[in-house]
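Close look at the chain arrangement
Here is how the chains run, residue by residue.
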Amino acid sequence: MTNTYRDSGRAGVEDEEEFVDVLEERRHSSDLGHAFRTFNPQPYKGAPSCSTADLNKAVLESQYLCYVTKEIAMETKSSVEEVREEACGILEEMSQNLQLGFIRLMAYTLTKVLKRLFTSINVNMEGLNALQQAIQETPVILMPNHRSYVDFLVISYILFTYDIPVPVIAAGIPLAGMKMVGEILRRSGAFYIRRAIGSDKLYWAVLSEYVKTIVKKGFAPVEFYVEGLRSRTLKSLTPKLGMMHMVLEPYFKGEVYDITLVPISISYDRVLEESLLAHELLGVPKPKESTTGLLKASKVLQEDYGSMNVNFGRPLSVRRLCQGKINRCQYNLIPRDLPQKPSAETQACVNWLANLMVRIQEEGSLISPWSLMACLLLQAPTAVLTEEGLLWHQLTEKTLWLRKLALDFGARLNWPVRRKAGRVYLLQEEKPARERPVSQEEGVIRTAAAVLMLASYRNQSLHVFLRPAMLATAIHVTKTTRRDELFTFFSFLQDVFSNEFIFIPEKSSQDFEEACSLLKKCGAVHISHQEVTVSDAGLEVLSFLRALLQPFIDSYQVMFKHLCEERVHVFSEKQFQTAVRNLATKLILSGELRSYEALSSDTQKNLLSALRRLETVTKLQASEQNEYRVNKDAVRRIGDILCGTIPPQMLQTAPDARL
């Protein structure tokens, strides 16, 4: 299994010809004809005929839910009937009501919208054909990444177009509250999940039994976002494991012979919500989902968003993936219908699988020239971008250089930048008419919104360069050529940035060897058994790679600086974010900080999560306001290691070498 993510996601995407534009035929034929054509999918062969009502009845009558209902009734001193009635209400709020008529309505509406938004929606046919076969053989779980609201129904649209059973889709409960739209989505396959479930035992029981019953009966493919949320940075998020546990449990308990996971990589030339996402990162509240808001957003139909690429990865057998990783005999010791807390082994296996899926999504994404340009543009001083501009021919030459490097590193490439007198500028949003002049601080935030928008497109290709960039940073910071010392620092970087980037657990050694191999392949380093030495030709590559990781390192150092210098030892997340944003703004204005990433709430949250994982920040149990206590010495030590003040030899010998 050493190279699972390298092998699994490559469902024939090297050749551009294998991608088909699903909108091409729609531009030359009737939209109504497409929506009302004969839809004849081949469902899972083992699935009995089952309506939505039958499905809900099976959930409510399941022994598992009956057991939990009685247990809760005893705990709360309520009657079983009262708890059961509450369970019925939860299921009614949650359940989908998939109907072909509404799928046709969705297909007709989406055809109109998608043709206006995108020049093309490119889909790999080999992956679709493999999915069509897999759906007939086992229950299938569709696992797309989540970058835009457009993701939500585009998979269903593609499957409808190619006569493949449309999925039921896990969606956030706010969508259900949208007038008319919520019900249309429900009848197009959406089932709704509350955002904050907490310790609501009955809700968890109803949700898990509902999901498990869909999987066991093979009612329809299940689609959910393993990252849990839409990524506001277009960078992969640390996976959430709740739904992953639910869809896998029928296999762990032997209720189905196998389950097929299908990772799906969705990438965009341009995301509809680019400005909205950047402002959310800077603290502007996210607008509430509403039908009125949707209608107001109709002006996006006047814009050109380029291409959307949907790559269906190779179907993966859970049975094969879990071989040797989990002992399913443990599930024979307790009746299947009783609640059972997953063992540490099961949790580790589910965590590994979830991270593997996200890595395969990354490997499968198609990268546009614009994403590579964004990598280069962000390495120029902000003043050059906003005022002087970059010469177009220099940028294109450098992008072609980066294209070759990306191909050497195994990227899949599938080219849009504003021009002005032969130069490229960073466009800031139009200033609203106002009486008073813009303050310096407001100017920083305006620039930050544009920079973070640009950074999101860089993030779409970051995974290609990440591991070589970490090794390039290790070489630069440690000033050593010894492989063991470089590996120690490389592992330290993985530990610190595990909430920022996706790393498969227990694979540090494999990631390090991959980084060495890629840098050797492009001629940047020479590698022997014990040493990694920089070649004369490798300086440009290593400099580019270091600069790619530097904004994250600089941002983390700003936050370490705040945590170490502030007198307050206890703080809330909101206080932390406000203080860090103020400090970063001050440092940007003084010229001490170039990275605007420090202003991003996602970067701030990721750092806080990392410090909690590393146990240098602890959450106060008694606190009602999510307050934290910081170990300043431990935070200072991480900062010192990151800037090279503490050499790698100290890391190898220190008792807390994990840091």
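Use the structure listed above.
A brief look at the structure comes next.

**What about the overall build of the protein?**
Looking only at helices and strands, one finds 27 helices and 18 strands in the protein. With the C-alpha coordinates aligned to their principal axes, the bounding extent of the protein is approximately 65 × 60 × 60 Å. When burial is assessed residue by residue, the protein has 55% of its 659 residues classed as buried. For the protein, the exposed area adds up to about 29,400 Å²; of that, 52% sits on carbon and sulfur atoms. Computing the positive centroid from 78 side-chain charges and the negative centroid from 76, the protein places the two 1 Å apart.

**Concerning the pairing of strand 8 (residues 307-312)**
Burial analysis of strand 8 places six of its six residues in the buried class, which makes it a mostly covered element. A two-sided burial pattern is seen for strand 8, the buried positions comprising Ser307, Asn309 and Asn311 on one face and Met308, Val310 and Phe312 on the other. As paired elements, strand 2 (residues 120-124) and strand 8 share four bridges and run parallel to each other. Across the sheet, valine 123 pairs through a bridge with valine 310, a residue of strand 8. Looking at chain direction, strand 7 (residues 260-268) and strand 8 are connected through five bridges and run antiparallel. For tyrosine 268, the partnering residue across the bridge sits in strand 8 and is methionine 308.

**What to know about helix 20 (residues 440-478)**
Between its terminal C-alpha atoms helix 20 stretches only 37 Å, short of the 57 Å expected from 39 residues at 1.5 Å a residue. Along helix 20, the largest kink reaches about 60 degrees and is centred on leucine 462. With 32 of its 39 residues buried, helix 20 lies for the most part within the structure. A positive backbone phi angle near 55 degrees is found at lysine 479, which sits one or two residues after helix 20.

**As for the nonpolar core**
Formed by 150 residues in total, the largest nonpolar core has its most connected members in Phe118, Ile121, Val310, Phe312, Phe465 and Leu519. With 20 residues, the top contributor of residues to this core is helix 20. In contact with valine 310, not counting residues within four places along its chain, are Phe19, Ile121, Asn122, Val123, Asn124, Ile155, Ile158, Ile264, Ser265 and Ile266.

**What to know about the sheet that holds strand 18 (residues 627-630)**
Read across the sheet, three strands follow the order 16-18-17 without closing on themselves; strand pairing throughout is antiparallel. Each having just a single partner strand, strand 16 (570-572) and strand 17 (617-619) make up the two edges of the open sheet. Between one strand axis and the next, the sheet turns through 35 degrees on average, direction left out of account. Pairing of strand 16 with strand 18 involves three bridges; the strand directions are antiparallel. Among the inter-strand pairings, valine 570 is bridged to a residue of strand 18, identified as arginine 629. Its contacts with the sheet put helix 24 (residues 573-590) on strand 16 and strand 18, and the angle it makes with strand 16 is roughly 90 degrees.

**Brief notes about unusual backbone geometry**
You will see that aspartate 163, though not glycine, has its phi angle at about 55 degrees, which is positive. With respect to the element layout, aspartate 163 can be found in the loop between helix 9 (151-161) and strand 4 (168-172). The class of aspartate 163 is partly exposed, set by a relative accessible area of 22%. With phi around 65 degrees, glutamate 506 is a residue other than glycine that occupies positive phi space. Looking at the element boundaries, glutamate 506 is found in the loop between helix 21 (483-496) and helix 22 (508-521). Take glutamate 506: its relative accessible area is 79%, and that puts it in the exposed class.

Definitions and limits used
Residues numbered from 1 in each chain as written. Predicted model: local features only at pLDDT ≥ 70, side-chain atom pairs only at ≥ 80, totals over all residues. Heavy atoms only, no water. Helix = DSSP H or I, 4+ residues; strand = E, 2+ residues; numbered from the N terminus. Buried < 20%, exposed > 50% of the residue type's maximum accessible area, 1.4 Å probe, protein only. Areas by Shrake-Rupley, 256 points an atom, 1.4 Å probe, with all protein chains shown as cover. Lys, Arg positive; Asp, Glu negative; His and termini not counted. Charge placed at Lys NZ, Arg CZ, Asp CG, Glu CD. Pairing = 2+ DSSP bridges. Expected span 1.5 Å × (residues − 1). Bend = angle between axes of the 7 residues up to and from the residue. Core = buried A, V, L, I, M, F, W, Y, C linked by side-chain atoms within 4.5 Å. Contact = heavy atoms within 4.5 Å. Axes fitted to C-alpha atoms, helices over the stretch in contact; angles between N-to-C directions.

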